[in-house]
Amino acid sequence: MCVCGMAELFNQLRPFCVALAQHPFLENASNLKDQLQSLDDNRLPHELFEYILFPLARVLKIYSASEALVLTVLDCIILILRKTSVEKEAVVSDLMSLICSKATGVKMTKRHDEDTARLSLETSSVSEEIRLSCICCLRTLMESCNPR
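Asks: Explain helix α3 (residues 46-60) here, please?
Replies: Structural remark: α-helix, 3.6 residues per turn; residues separated by three or four positions point the same way. Between its first and last C-alpha atoms α3 spans 21 Å; for 15 residues at 1.5 Å apiece the expected length is 21 Å, and the two agree. If you look at α3, its biggest bend is around 30°, right at Phe-54, and the proline Pro-55 turns up within four residues after that. Residues of α3 that are buried: Leu-48, Phe-49, Ile-52, Leu-53, Pro-55, Leu-56, Ala-57, Val-59 and Leu-60.

Asks: What is the right way to read the environment of Leu-71 from this model?
Replies: Mapped onto the fold, Leu-71 is located in helix α4 (residues 67-82). Accessibility expressed as a relative area gives 22% for Leu-71, which makes it partly exposed. Taking the C-alpha atoms as reference, Leu-71 lies 7.8 Å from Glu-129; in sequence the two are 58 residues apart.

Asks: For this particular structure, what's the right way to read the nonpolar core?
Replies: As a rule of thumb, soluble globular proteins bury nonpolar side chains together. Counting 41 residues, the largest nonpolar core has Leu-36, Ile-52, Leu-56 and Ile-77 as its most contacted members. Among the elements of the structure, α1 (3-22), α2 (26-37), α3, α4, α5 (89-104) and α6 (128-144) are those that each provide at least two residues to this core. Ranked by the residues each element gives to this core, the list is headed by α4, at 10 residues. Residues in contact with Leu-36, not counting those within four places in the same chain, are Leu-13, Ile-52, Cys-76, Leu-79, Ile-80 and Lys-83.

Asks: I keep staring at the layout of surface pockets and nothing clicks. Help me out?
Replies: In this approach, a probe sized like a water molecule rolls over the atoms, and the result shows the empty space that is left. Estimates place the volume of the largest pocket at around 730 Å³. Lining the largest pocket are 29 residues, with Leu-60, Lys-61, Leu-98, Ser-101 and Lys-102 sitting closest to its centre. Listing elements by their share of the lining of the largest pocket, those giving two or more residues are α3, α4, α5 and β1 (106-113). Broken down by element, the lining of the largest pocket gets its largest block of residues, seven residues, from α5.

Asks: Would you take a moment to explain the state of the cysteines for this structure?
Replies: Put plainly, two cysteines are in a disulfide when a covalent bond ties their sulfur atoms together. Summed over all chains, the structure comprises zero disulfides. The cysteine Cys-76 is free of any disulfide, with Cys-17 supplying the nearest cysteine sulfur at 9.0 Å. Of the residues examined, Cys-76 reaches a relative accessible area of 0% and is grouped as buried.

Asks: How should the packing of α5 against α6 be read in this particular structure?
Replies: The description of two packed helices rests on the angle between their axes and on the distance between the axes. Packing of α5 against α6 brings their axes to within 9 Å, and their N-to-C directions diverge by 165°. One finds that α5 runs roughly antiparallel with respect to α6. As α5 packs across α6, the resulting crossing turns out to be left-handed. Mapping the contact onto sequence places Val-92, Leu-95, Met-96, Ile-99, Cys-100, Lys-102 and Ala-103 in α5 and Ile-130, Arg-131, Cys-134, Cys-137, Leu-138, Leu-141 and Met-142 in α6.

Asks: Got a minute to help me understand α6 in this structure?
Replies: With 17 residues, α6 extends 24 Å from end C-alpha to end C-alpha; this agrees with the ideal 24 Å at 1.5 Å per step. Buried within α6 are the following residues: Ile-130, Ser-133, Cys-134, Cys-137, Leu-138, Thr-140, Leu-141 and Ser-144. When α6 is viewed along its axis, its buried side chains cluster within an angular range of 165° and face the same direction. Opposite the buried face of α6, by more than 90 degrees, sit the exposed residues Glu-128, Leu-132, Ile-135 and Arg-139. At its buried positions, α6 is contacted by α4 and α5.

Asks: Even after reading the chapter, I still don't get the packing of α4 against α6, so can you show me in this structure?
Replies: The geometry of α4 relative to α6 is characterised by a closest axis approach of 9 Å and an angle of 15° between their N-to-C directions. When the axis of α4 is compared with that of α6, the two are roughly parallel. The two elements α4 and α6 meet at a crossing, and its hand is left-handed. Residues Glu-67, Val-70, Leu-71, Leu-74, Asp-75, Ile-77, Ile-78, Leu-81 and Arg-82 of α4 form the contact with α6, whose participating residues are Glu-129, Ile-130, Ser-133, Cys-134, Cys-136, Cys-137, Thr-140, Leu-141 and Ser-144.

About the criteria used
- Residues numbered from 1 in each chain as written.
- Predicted model: local features only at pLDDT ≥ 70, side-chain atom pairs only at ≥ 80, totals over all residues.
- Heavy atoms only, no water.
- Helix = DSSP H or I, 4+ residues; strand = E, 2+ residues; numbered from the N terminus.
- Expected span 1.5 Å × (residues − 1).
- Bend = angle between axes of the 7 residues up to and from the residue.
- Buried < 20%, exposed > 50% of the residue type's maximum accessible area, 1.4 Å probe, protein only.
- Core = buried A, V, L, I, M, F, W, Y, C linked by side-chain atoms within 4.5 Å.
- Contact = heavy atoms within 4.5 Å.
- 1 Å grid on protein atoms, 1.4 Å probe; cavity = no way out; pocket = protein on both sides within 12 Å on 5 of 7 lines; lining within 4 Å.
- Points joined across faces, edges and corners; volume = space filled by probe spheres on them.
- Disulfide = S-S within 2.5 Å.
- Axes fitted to C-alpha atoms, helices over the stretch in contact; angles between N-to-C directions.
- Parallel < 35°, antiparallel > 145°, perpendicular 65-115°, else oblique.
- Left-handed = near helix turned anticlockwise from the far one by under 90°.
- Arc of directions from axis to C-beta.

Structure, rendered in structure tokens:
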């Protein structure tokens, strides 16, 4: 993709990424999803992949995010993974960890007891829909690791 095409794509997606990063609401995630679905080009430049992934990953870290918001964000991640090859090991590892923690409902928290900090794990129930979407997302992540 030429630089001018990438700049146009960046300018098209930027407002939706910024809106989701600043206001992690279902409407903003849905708007970003609509934009991702409307992309003409089947390929997403690597330079934009991490930029788009940032607000999506940030939403997945919100422990209290609604089921509808999480499902829409996972759909967005699947869309961008289908349009690119993930080349950075750290991105694969971080994304895999984030998706698995969302699928299992595990949250790591820091607790301070008597001048020491301890990490503890908390769990919550996760719907079958979120688990299924996480599995689809993990599969798409693994497929995107293959060079295209």
